[in-house]
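A structural walkthrough
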Amino acid sequence: MLLEQNKLDVEDFGDEVVMLELETGTYWSIKGALIGVARALLASHDSATTLTWWNTQPEAETEVGNAFVQQLSEHGLLVDGDQAPNTTFAEIHCEPGAPRFTVQDDLADLVKLDPIHDVGIEGWPHKA
Amino acid sequence: MRRVSAPNSTLTVPVKRMQQRIDQRANPTPVTRDALLAQVAIAPTAEGWTAWRARCPDVDGLSPTEFRLLPLVWHQLRAQGVIDSVYDGKLRGIHRKIWYQNRLRLNWAGRLVEQLHAAGFQVLFLKGLRLIQQFGWDPGTRPCADVDLWVRPSQYAVAKDFLLNQPGMQATGEVRAHACDLVFNSVHALDLHRLPHLLADPANHARGSTVGLPPGQAPESLFDAAWAQQDDPASGLTLSLLNAFIHDGPDRRTAISALVDWHRTGIAWASIAPTVEATSLRPAFLAQLDAHPEIVAQSPVLRAARTALAGRSMWSRAEQALAENIKTFEAIRAQGYPWSYHHWLWTLAGYTPWQRDLKSIRYGVDFTRKDPNIPLHSRAISIVRGTAYYTLHRRASEIARATINRRSADAARTK
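Here's what I pulled together on the structure shown here. (Residues numbered from 1 in each chain as written. Chains lettered and ligands numbered in written order. Predicted model: local features only at pLDDT ≥ 70, side-chain atom pairs only at ≥ 80, totals over all residues. Heavy atoms only, no water.)

So, on to the overall build of chain A. Looking only at helices and strands, chain A features four helices and six strands. Helices and strands in chain A line up, N terminus first, as β-β-β-β-α-α-α-β-β-α. A globule of 128 residues ought to have a C-alpha radius of gyration of about 14 Å, and chain A, at 15 Å, matches this closely. When the backbone C-alpha atoms are referred to their principal axes, chain A occupies close to 45 × 30 × 25 Å. In chain A, buried positions account for 45% of the 128 residues. Contacts spanning at least 24 positions in sequence make up 64% of the contacts within chain A whose residues lie at least 6 apart. Carbon and sulfur atoms provide 48% of the accessible area of chain A, an area that totals close to 6,200 Å². In chain A, the 6 positive side-chain charges and the 23 negative ones have mean positions that sit 6 Å from each other. (Helix = DSSP H or I, 4+ residues; strand = E, 2+ residues; numbered from the N terminus. Rg over C-alpha atoms; globule rule 2.2 N^0.38 Å. Buried < 20%, exposed > 50% of the residue type's maximum accessible area, 1.4 Å probe, protein only. Contact = heavy atoms within 4.5 Å. Areas by Shrake-Rupley, 256 points an atom, 1.4 Å probe, with all protein chains shown as cover. Lys, Arg positive; Asp, Glu negative; His and termini not counted. Charge placed at Lys NZ, Arg CZ, Asp CG, Glu CD.)

The structure is reproduced here in structure tokens:
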């Protein structure tokens, strides 16, 4: 399955990849080693082969990778692709750090949350 | 990476703001916190950041200008390896939130503009979102309060009706001479412009004033020129600066943010000078630059603009008159009058001080009259105080000033 990138606005900030689902306003934050999975999917790699490759990488955690792909599927973001998926992982770089991701899907909440006073030490969108 | 930190405070926000005002009165500093952060935005350094953090210990009680500049400052300092040891998470969160809001806005606005074009309306982006698009800025580094769209003036009324007939779109009730506010699904705020700024229509000027509109032009031909230049980044910047420098006085947040925007684009004065000259607004631009010498000093682009504007001998009669009007505005402001931003706008529109006083009184009356929460006796007191302030107090100040000047002249003669 390939990532349905037409539904997404994505920014790779180096130490974090953020994705915005354009139709729903859902906000994804991907950090640590899991960034490698995000980058592979964004480079049109198939999800199954991506997880196989990723599980060989340092700091990979199988459960986290599977949960991430599962959530993408549940949000309708993985589709059967028309084009042949990318098979080369040589240029995909994983970032250091424990793999983790968060999904925030309450648009009104995200927009209203005060990024100074209503958040914890990690900052928006993590509430205090 | 370098980590910097500053002392924390546990005071609540209103108390902190009061403390800031007391501190400023007791220990007036030549550089405001807003200007200090703007300097860091233009020339990011760990030392500049530490200096600002020392005056804002817990990143709280932020002014609107500071909130607007922080994501850019954070982004630029991180690129240099400078990390705030205490508040990096919150600062990153501000950046991410602004990125999120702007990406949502850009996506929504892009589809809205396509819809308007398909319906035959000519529409241009203005201000923040246009700058982000044309200069390829990280959307997280330039907060925008709303989407600004400029519709061809002759199509404005019909376009507004078209939009209000779209599901989810509502008017907020805020209608100004040059634009109106709409909101979509309580999420997206749209500022629908008939004009790029208030002075683009002669109806908003004092009699005889031509500032803000090139000779021989009307709102429709102004749009024609902008439409032809819609892919020109200099045109986008010029419109953004005109809007900011006309609508906000030199000490206000929009002007400071506009100076940072200008520096960021790297666009030289020579590229925007023809429009500014044609609209007789060089004195206004000079006043905005002169209000913040510490910010201008950090930026080669702004310094060069300031140098180019210093040659007043080439100014037109309209510009010479505007310069005099700005001089009286600033002299009166220096006495501590509570000028609303309207006074700056009225100065540019060609109104004399006594005319601005009358407009202030009328504005105050309208303002208090429209608010149903203000009791009648409070409204009456407010109106009487406003009238007395702008008439008796002004007259007393003029007499005092004239007396001081006469005594100084007498003293000089007797020496």
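Having seen it, we continue.
This brings us to the interface of chain A and chain B. The interface is formed by 26 residues belonging to chain A together with 22 residues belonging to chain B. Buried surface at the junction of chain A and chain B, summed over both partners, amounts to about 2,100 Å²; 62% is from carbon and sulfur atoms. It is A:F13, A:I116 and A:W124 that lose the most area in chain A upon contact with chain B, and together they represent 27% of the buried surface on that side. Counting across the interface, chain A meets chain B through five salt bridges. A:D15 is paired through a salt bridge with B:R92; the nearest N and O atoms lie 2.9 Å apart. Inspection of the region where chain A meets chain B yields ten residue pairs in polar contact (both at pLDDT 80 or more). Of all elements in the fold, only β2 (8–12), β3 (16–21) and α4 (107–112) of chain A reach the threshold of two or more residues within the side of chain A that touches chain B. (Buried area = accessible area lost by both parts, 1.4 Å probe. Salt bridge = Lys/Arg side-chain N within 4 Å of Asp/Glu carboxyl O. Polar contact = N/O pair within 3.5 Å; in protein donor to acceptor, adjacent residues only side chain to side chain.)

In this structure the tally under the stated criterion is 22 salt bridges over all chains. Close ionic contact of A:E122 with A:K31 constitutes a salt bridge, the shortest N to O distance being 3.9 Å. Here the residue A:E122 occupies a position in the segment after α4, and A:K31 occupies one in strand β4 (residues 27–31), the gap between them amounting to 91 residues. The exposure class of A:K31 is buried, given its relative accessible area of 11%. Of the charged contacts in the structure, one is a salt bridge between B:R176 and B:D181, with a shortest N-O distance of 2.5 Å. By relative accessible area, B:R176 is classed as partly exposed at 29%. If you follow the salt bridges from partner to partner, you end up with A:D15, A:E16, B:R78, B:D88, B:R92 and B:R96 in one network.

Residue and element names in this part refer to chain B. The element strand β7 (residues 188–193) is largely enclosed, with a buried count of five among its six residues. Bridging between strand β6 (residues 179–184) and β7 involves six bridges; their strand directions are antiparallel. Bridge assignment links V183 to a residue of β7, and that residue is A189. (Pairing = 2+ DSSP bridges.)

Enumeration over the complete set of coordinates arrives at three cavities of 30 Å³ or more. When its volume is computed, the largest cavity comes out at roughly 70 Å³. As for the largest cavity, its lining consists of B:R68, B:L69, B:L72, B:T141, B:R142, B:P143, B:S257, B:V260, B:D261 and B:R264. Where the lining of the largest cavity is concerned, the elements lending two or more residues are α4 (64–79) and α10 (253–265) of chain B. Sorting elements by how many residues they give to the lining of the largest cavity places α10(B) first, with four residues. In terms of residue class, the lining of the largest cavity is made up of four nonpolar, two polar and four charged. Each pocket or cavity is described by its volume, and for the second largest cavity that value is around 50 Å³. Looking at the second largest cavity, the residues that line it are A:E16, A:Y27, A:S29, A:K31, A:E122, A:W124, A:P125, A:H126, B:R92, B:G93 and B:R96. Every element with two or more residues in the lining of the second largest cavity is listed here: β4 of chain A together with α5 (88–118) of chain B. Of the residues that constitute the lining of the second largest cavity, the class distribution is three nonpolar, three polar and five charged. (1 Å grid on protein atoms, 1.4 Å probe; cavity = no way out; pocket = protein on both sides within 12 Å on 5 of 7 lines; lining within 4 Å. Points joined across faces, edges and corners; volume = space filled by probe spheres on them. Nonpolar A, V, L, I, M, F, W, Y, C, P; charged D, E, K, R; others polar.)

Residues and elements named next belong to chain B. Structurally, the position occupied by R33 is in helix α2 (residues 33–42). Under the relative-accessibility criterion, R33 is labelled buried at 9%. A polar contact of 2.6 Å, which involves the side chain of R33, links it to the side chain of E66.

An order of β2-β3-β4-β6 (chain A) is seen for the four strands of this open sheet, with the pairing classed as antiparallel. Of all strands in the sheet, those with a lone pairing partner are β2 and β6 (100–104) of chain A, marking the two edges. This sheet shows a mean twist of 15° between the axes of neighbouring strands, independent of strand direction. Sheet topology note: the β2(A)/β3(A) ladder contains five bridges and is antiparallel. Bridge assignment links A:D12 to a residue of β3(A), and that residue is A:V17. Running at roughly 30° to β3(A), α5(B) makes contact with β2, β3 and β4 of chain A of the sheet. (Axes fitted to C-alpha atoms, helices over the stretch in contact; angles between N-to-C directions.)

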